[in-house]
Amino acid sequence: MNEPLLRVRGLRKLFPVGRRALGRAPDQFVHAVDDVGLDLAAGEALALVGESGCGKSTLALTLLGLETATAGSIHFEGNDLAAAPASVWKAARRHIQMIFQDPYESLNPLMTVGEIVAEPLHVHKLAPNAAERRRRSVAALEDAGLKPAEHFLARFPHELSGGQRQRVAIAAALVLEPRLLVADEPVSMLDVSIRAEILNLLADLKMRRSIAVLFITHDLGTVSAVADRIAVMYLGRIVEMGTVQEVMTAPRHPYTQALLSVVPAPNPRLRRQHIILQGETPDPVKLPTGCRFHPRCPVAVERCRTIDPPLQTIGGTQAAACIRLDEA
Amino acid sequence: MMTEVTPHAHKQPLLEVKRLSVDYVDPSQPPAQALRDLTFTLHRGEALGVVGESGCGKSTLMLALMRLLPAAGRIVGGSVRLDDIELLALSEREMAALRWKRLAMIFQGAMNALNPVRTVGDQIAEAIRLHEDASDARALDRRVGELLDLVGIAASRRNQYPFQYSGGMRQRAMIAMALACSPDIVIADEPTTALDVMIQAQILQLLADLRRQLNLSILLVTHDLGIVAELCDRVLVMYGGALAEYAGVDAIYNAPAHPYTQELLKAFPDPTRPLQRLASIPGSPPRLNDLPPGCRFAPRCPQVFDRCHLTPPRVYAITSDHLASCFLVETQQTRGARHE
Amino acid sequence: MHRSSYLAGKLGWAAFTILFVIVLNFFLFRILPGDPARAGIRDPRLTAQAQQAIRERFGLDQPVINCFESLNPLTLGNCAVNPLDTQFFIYASNLLRGELGISYHTNRPVLDILGERLWNTLLLIGAGQVLAIVLGMAVGVLAAWKAHTPVDYTALGFSLLAWSLPTFWLGIILLFWGSTYLGLPIGGKVTPGMVYANSWEQLADLARHLFLPSLTYTIVFLGEYMLIMRSTLVDVLSEDYILTAKAKGLTHFQILKDHALKNAMLPMVTIIALNLGFTVAGAVQIESVFSWPGLGGAIFEAVNRRDYPMLQGAFLLLAISVIVANLIADLLYGYLDPRVQAD
Amino acid sequence: METTAAGYRGVWARLRRNPMGMIGLIMLVVAIGVAVLAPWISPYDPHAVTRVNILDIYQPPSPAHWFGTDDAGRDVLSNFLYGARVSLTVGFFASFISVTVGGLIGISAGFLGGRTEGILMRFTDIMLVIPDLPLAVVIVALTKPSLTNIILVIGLLGWTGTARLVRAQTLSVKQRKFVVRARAIGAGNSYIIRRHIFPLVLPLIVVNTVLVISLAILNESTLSFLGLGDPATLSWGQMLNYAFTRGAMSAGAWWALVVPGFGIVWVVLSCTLLGQGLEQALNPRLTTHHLAADRTLKNLPRWELEPTPVEQAGNV
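Residues numbered from 1 in each chain as written. Chains lettered and ligands numbered in written order. Predicted model: local features only at pLDDT ≥ 70, side-chain atom pairs only at ≥ 80, totals over all residues. Heavy atoms only, no water.

K.L.:
Describe the overall build of chain C, and please don't skip the residues or the numbers.
P.N.:
When you go through chain C residue by residue, the secondary structure sums to 13 helices and two strands. Looking at chain C residue by residue over its 343 residues, the buried ones come to 52%. For chain C, the share of sequence-separated contacts (at least 6 apart) that also reach a separation of at least 24 residues comes to 71%. Only carbon and sulfur atoms are counted for the fraction: they give 68% of the accessible area of chain C, which is about 14800 Å². Looking at charge distribution, chain C has the averaged site of its 22 positive side-chain charges lying 3 Å from that of its 23 negative ones. (Helix = DSSP H or I, 4+ residues; strand = E, 2+ residues; numbered from the N terminus. Buried < 20%, exposed > 50% of the residue type's maximum accessible area, 1.4 Å probe, protein only. Contact = heavy atoms within 4.5 Å. Areas by Shrake-Rupley, 256 points an atom, 1.4 Å probe, with all protein chains shown as cover. Lys, Arg positive; Asp, Glu negative; His and termini not counted. Charge placed at Lys NZ, Arg CZ, Asp CG, Glu CD.)

K.L.:
For the pattern of salt bridges, give the residues involved together with the corresponding values.
P.N.:
Under the counting rule described, the total for this entry stands at 46 salt bridges over all chains. Asp 330 of chain C is paired through a salt bridge with Lys 10 of chain C; the nearest N and O atoms lie 3.9 Å apart. Remark: Lys 10 of chain C occurs in helix H1 (residues 3–31) and Asp 330 of chain C occurs in helix H12 (residues 308–336); sequence separation between them is 320 residues. Taking relative accessible area as the criterion, Asp 330 of chain C reaches 22% and is therefore assigned partly exposed. What emerges from the salt-bridge pattern is a single network uniting Arg 118, Asp 122, Glu 126 and Arg 129 of chain B together with Lys 248 of chain C. (Salt bridge = Lys/Arg side-chain N within 4 Å of Asp/Glu carboxyl O.)

K.L.:
Kindly report on the interface of chain D and chain C, identifying the contributing residues and their values.
P.N.:
A common way to report how large an interface is uses the accessible area buried once the components associate. With 53 residues of chain D at the interface, the matching set in chain C holds 58 residues. Both faces considered, chain D and chain C share a buried interface measuring about 4800 Å² in area, 81% of it formed by carbon and sulfur atoms. On the chain D side of the contact with chain C, Leu 142, His 290 and Leu 291 of chain D bury the most area, a combined 17% of that side's loss. Counting the contacts that link chain D with chain C gives zero salt bridges. Taken together, chain D and chain C are joined by five residue pairs in polar contact (both at pLDDT 80 or more). At the level of elements, helix H4 (114–129), helix H5 (132–142), helix H9 (189–228), helix H10 (236–245), helix H11 (248–251) and helix H12 (254–282) of chain D are the ones that each hand at least two residues to the side of chain D that touches chain C. When residues in the side of chain D that touches chain C are grouped by element, the largest group, twelve residues, is from H12 of chain D. When its residues are assigned to classes, the side of chain D that touches chain C shows 36 nonpolar, twelve polar and five charged. (Buried area = accessible area lost by both parts, 1.4 Å probe. Polar contact = N/O pair within 3.5 Å; in protein donor to acceptor, adjacent residues only side chain to side chain. Nonpolar A, V, L, I, M, F, W, Y, C, P; charged D, E, K, R; others polar.)

K.L.:
Give a description of the sheet that holds strand E7 (residues 180–184) of chain A that names residues and reports values.
P.N.:
Strands in a sheet are paired, the pairing made by backbone hydrogen bonds, and the direction either parallel or antiparallel. Residues and elements named next belong to chain A. Across the sheet, which stays open at both edges, the eight strands sit in the order E6-E7-E8-E3-E9-E10-E12-E11 with mixed pairing between neighbours. In this open sheet, the two edge strands, each paired with only one partner strand, are strand E6 (96–99) and strand E11 (312–315). The mean angle between the axes of side-by-side strands here comes to 20°, regardless of whether they run parallel or antiparallel. Note: strand E10 (residues 237–243) against strand E12 (residues 318–320), two bridges, orientation antiparallel. Bridged to Glu 240 within E12 is Ala 320. Against the sheet, helix H10 (residues 254–261) touches strand E3 (45–49), strand E9 (229–234) and E10, its axis set at about 105° to E9. (Pairing = 2+ DSSP bridges. Axes fitted to C-alpha atoms, helices over the stretch in contact; angles between N-to-C directions.)

K.L.:
Provide a residue-level description of the pairing of strand E8 (residues 212–217) of chain A, including the pertinent values.
P.N.:
One face of the sheet, then the other: side chains in a regular strand alternate in exactly this way. All names here are of chain A. The element E8 is largely enclosed, with a buried count of six among its six residues. The two faces of E8 match: Ala 212, Leu 214 and Ile 216 on one face and Val 213, Phe 215 and Thr 217 on the other face are all buried. In terms of strand pairing, E3 meets E8 through five bridges, oriented parallel. The residue of E8 that forms the bridge with Leu 48 is Ile 216. For E7 and E8, the ladder comprises five bridges, and the chain directions are parallel. Looking at E8, one finds that Asp 184 is bridged to Ile 216. You can see the chain leave E7, run along helix H7 (residues 192–209) and come back into E8, and the turn it takes is right-handed. (Right-handed = clockwise from strand over helix to strand, strands pointing away.)

Following this line, the structure appears as structure tokens:
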């Protein structure tokens with residue numbers, strides 16, 4: 001089997017909480033990411049779906065080296081970045097880029113579009129001169145769908161619409177010709193009419209330039225426009241994984257089933273039975289025993305209190321972490 | 001579950017809004033026409049969804065109904081009638097007496113809409129004390145407990161402060177507060193944005209249940225067509241401060257007449273049909289202080305023709321319950337008439 | 001956070017700050033040229049016996065601290081000295097016994113003089129400050145409520161002007177005006193040599209003396225409090241929960257009273273506390289203009305007379321009073337803010 | 001303070017439309033003009049040694065001495081004009097020191113965080129609580145009162161407010177996503193501070209500097225008034241000190257008391273106004289005042305409406 005572009009194994013990120021008392025190690029942790037493994041091949045898009053606080057953003061930041069992993073490995077193109085020194089990270093960062101949720105916040109208001117897009121080249125000293133930087137910035141802007149690019153170079157973010165800003169952010173990521181693009185909720189702040197443009201752009205980049213995309217979202221509705229596969233996270237764990245077709249049409253984990261059932265359908269004729277989970281996601285400091293979903297699970301049984309189920313393959317490429325899979 | 005479109009056709013509407021227009025004035029700029037000639041009705045027990053993208057005037061509409069526009073906002077024309085009361089003719093004092101008693105609101109982002117230094121129970125009690133006889137402290141206290149219970153919050157948490165609540169619970173508390181004086185109409189402004197999908201589903205379920213239990217009229221303001229499809233009977237689609245389409249929920253989703261509604265629906269992902277490619281609407285909404293001379297949607301409309309750039313279309317009736325502001329409707333109607 | 005741990009934290013911090021001031025107060029006078037102790041020995045106003053007494057009391061034959069014989073000029077010394085025998089330790093233990101030295105000018109213990117003067121300062125600051133806070137906040141509330149109207153602009157203009165007035169100059173001008181046209185006394189706390197028929201007369205005399213300095217104080221700080229109150233309240237009034245209150249049908253007055261003020265008071269308390277430092281600075285200025293026998297006046301006189309023990313003591317007491325005032329404000333904040341109260 | 005999307009552009013345009021800011025700016029320009037031109041516009045040379053006659057002392061205003069004479073028979077107007085130099089020098093240099101120290105401490109604390117931030121901010125908190133004017137009085141009294149010392153003392157005691165403000169602003173800028181993005185690209189700390197943090201903190205520093213200048217000028221005049229001024233120069237505070245301690249009150253010489261004070265108020269007020277105006281220009285608030293006077297119903301036509309277009313269109 002070919003080595004995937006990104007291979008994550010046993011990744012864990014814990015944040016200590018409370019005050020450290022006189023040199024004693026803290027005894028309580030936020031289990032932001034807790035034993036996560038995933039593979040991402042070149043040119044593949046994986047959607048990481050979950051509610052806020054499930055650890056999906058922490059996972060992204062850890063993959064980008066903005067948080068240090070507590071344990072586990074992050075193999076990118078064969079190198080383990082989790083334990084790598086800064087120099088290896090700096091080289092890897094050229095190939096892993098990120099775009100953020102809020103296009104109003106992720107661009108420096110005092111820099112022109114040209115400066116923003118050329119900044120990565122500047123930081124990595126990749127372009128020998130200004131003309132080259134400009135040429136590559138223009139190319140990246142056009143790739144991101146801002147044409148003619150020259151028209152945008154001298155403008156400031158506040159002169160652009162939300163969709164255009166998000167395109168600038170994408171251009172600034174593309175200029176380094178990355179192999180992996182981490183997109184953290186890239187459309188949740190955008191109006192519906194603009195949302196599709198950005199999602200389609202991401203899908204095109206994946207197809208045409210075979211850039212792998214890690215698409216982080218809370219909205220199962222937007223997933224299929226971009227992703228090939230889905231990973232559903234709950235309280236720091238991946239509870240279900242599979243192709244979009246598999247997970248969207250035949251979800252196996254009760255959490256995925258519930259999540260999918262409550263996505264509002266844009267048609268009153270399609271009003272479906274909702275599985276509404278009661279209460280809220282438990283405190284990630286005091287995790288439930290056994291299966292961490294059992295307190296809210298509509299089909300939980302006594303065994304769920306004690307057994308912490310691993311992610312097991314069901315058939316095809318689908319896998320889920322639930323002890324009642326066989327019964328269903 | 002489908003709702004018939006015209007259950008109230010002959011009854012007098014609870015709320016009747018006619019040609020409501022609002023400007024925002026800025027001394028250094030031409031006034032922004034935030035709302036133009038908006039006309040719609042709301043019947044008792046009905047849920048009306050007001051849908052549109054940011055800047056389409058839906059929040060302005062909601063504030064104008066309550067007469068809570070910011071200082072720069074001016075109601076420049078129209079009428080808002082609640083039963084037989086013309087709200088725009090009331091004095092500020094009369095309006096204040098009517099607010100919350102008959103028209104209550106659920107604001108977006110309940111963290112900021114609740115006072116951080118007063119307990120939740122106290123803020124609910126305040127509304128009751130203001131509009132009803134609340135001399136019996138015991139009864140008032142019991143009432144607050146019942147309201148919290150109604151929205152699924154343990155009555156024992158009434159003495160806590162908003163910061164001790166989670167986002168979903170704050171929104172529930174906000175709903176309890178809105179119901180405090182048993183209003184006729186609850187205006188909900190993006191009540192579930194910024195909430196997680198599951199919490200959003202819980203809140204929508206709660207609103208639907210309460211509506212049935214209390215025969216509430218709900219005006220749901222949102223950008224999310226999905227939420228409207230789940231909860232509402234009728235839909236008002238707004239674009240650039242004006243009515244684009246107004247119809248029963250089934251007509252809007254299955255027989256949309258206005259190109260904007262049609263495009264919006266194509267842009268909306270459908271979880272039941274994965275792997276379909278989404279359509280987008282190129283361009284961006286018009287600036288309200290620099291509107292195009294013709295139809296406001298013309299610059300982005302895929303079915304645009306010459307006339308659209310010249311004059312704004314009127315509101316045409318497709319059926320008595322289906323209105324759209326588009327020349328295409330008129331063309332179809334005249335063509336239909338000729339064929340007859 | 002628990003309320004008790006909040007309380008303990010604030011108390012501990014205040015204690016630490018006082019300790020810092022005590023240490024600063026010691027070294028400042030030894031690093032800078034005018035060492036009060038050494039100057040004291042040479043002071044011609046003192047007799048040889050008195051000088052010897054000072055030498056012993058302050059351990060002037062001892063090194064300043066371990067390894068340093070003196071800090072100005074810098075002279076290294078023995079590091080193996082018993083720390084208890086250094087000037088610093090003697091200073092600290094003297095301080096613990098309330099021993100602040102003897103004023104060169106009056107030959108009285110500094111502590112006794114400062115004790116009387118502290119009350120005078122508190123009287124002056126108290127009267128002026130309470131008036132300034134009450135009036136300033138009232139005008140600030142009004143200006144914020146009527147923001148961007150002529151009422152607001154008038155209040156704002158007045159406040160900015162008042163804020164720009166040097167305290168001492170306003171004092172001089174008021175003194176000039178009051179003594180010339182109103183026949184008010186030109187300074188001091190009581191009329192010298194006056195015999196009072198009863199305590200009412202004595203009180204009236206005090207009030208006559210207190211009037212102008214308090215007025216100065218009030219005007220200067222009125223502007224500041226008004227500006228702070230206005231901007232804080234304008235921020236609060238643009239919050240969403242004010243719109244909620246309005247939607248609930250509350251009148252403007254009810255919204256101000258029940259929703260806006262409590263939220264505005266939280267930052268106000270902190271800001272007022274932080275301003276106490278400046279307030280005390282104002283005491284130095286006002287007391288020197290009006291010859292008011294307070295701590296600020298003591299600093300002014302001590303500077304002119306090069307009365308270093310007085311200067312050192314007055315500064316210490318002034319700094320401690322500011323720290324204590326800040327502490328009180330912090331505790332008040334803890335009481336007002338539910339986020340501290342809770343749990 | 002949040003730097004707006006508009007950045008620095010448009011600040012001047014907004015400042016020009018801000019009456020407070022413009023009045024302050026004009027007043028400050030006038031003050032600087034007076035300070036620069038003092039030797040040319042003063043009717044007398046205050047440094048010239050003149051023989052003083054008892055009759056020259058505290059002369060009321062006259063055509064020869066527009067603002068009268070002082071306790072030494074010198075022309076108050078000339079002293080006043082020259083005094084602008086001292087005040088502005090102290091104001092500019094001391095605030096430069098304060099803002100530099102405060103800015104460095106604030107940016108370092110805010111950006112580096114952790115233990116560095118803890119130590120720096122604890123130190124700042126202590127310095128904030130110690131009343132600076134009495135401390136300045138003590139320090140200047142113990143050292144030689146010279147202009148340099150006064151500048152240093154005022155400058156080195158006046159940075160605490162700046163440090164706190166700059167730290168808060170740095171913290172808020174640091175959390176913004178474009179800084180995280182720069183990190184994700186692989187940019188180092190010094191690059192991020194230079195390119196992303198500093199430009200967004202700068203507007204706040206500018207506003208703060210203007211206000212610190214006014215505080216420095218007030219402090220200088222107070223120190224001088226208390227008799228701790230540089231004997232070699234004559235500042236407005238010193239003019240007041242001389243007048244106050246040398247009998248201007250009893251001589252009824254109001255001009256010797258009013259004129260220098262007017263100078264201080266002029267400069268401090270100009271900085272205060274300019275600072276307020278700059279802040280509003282750099283940070284135009286888009287917030288709504290919910291209790292603003294209700295004008296929403298003005299110009300509303302009567303409610304007898306013509307039939308709506310819907311009704312007209314009734315071709316159903």
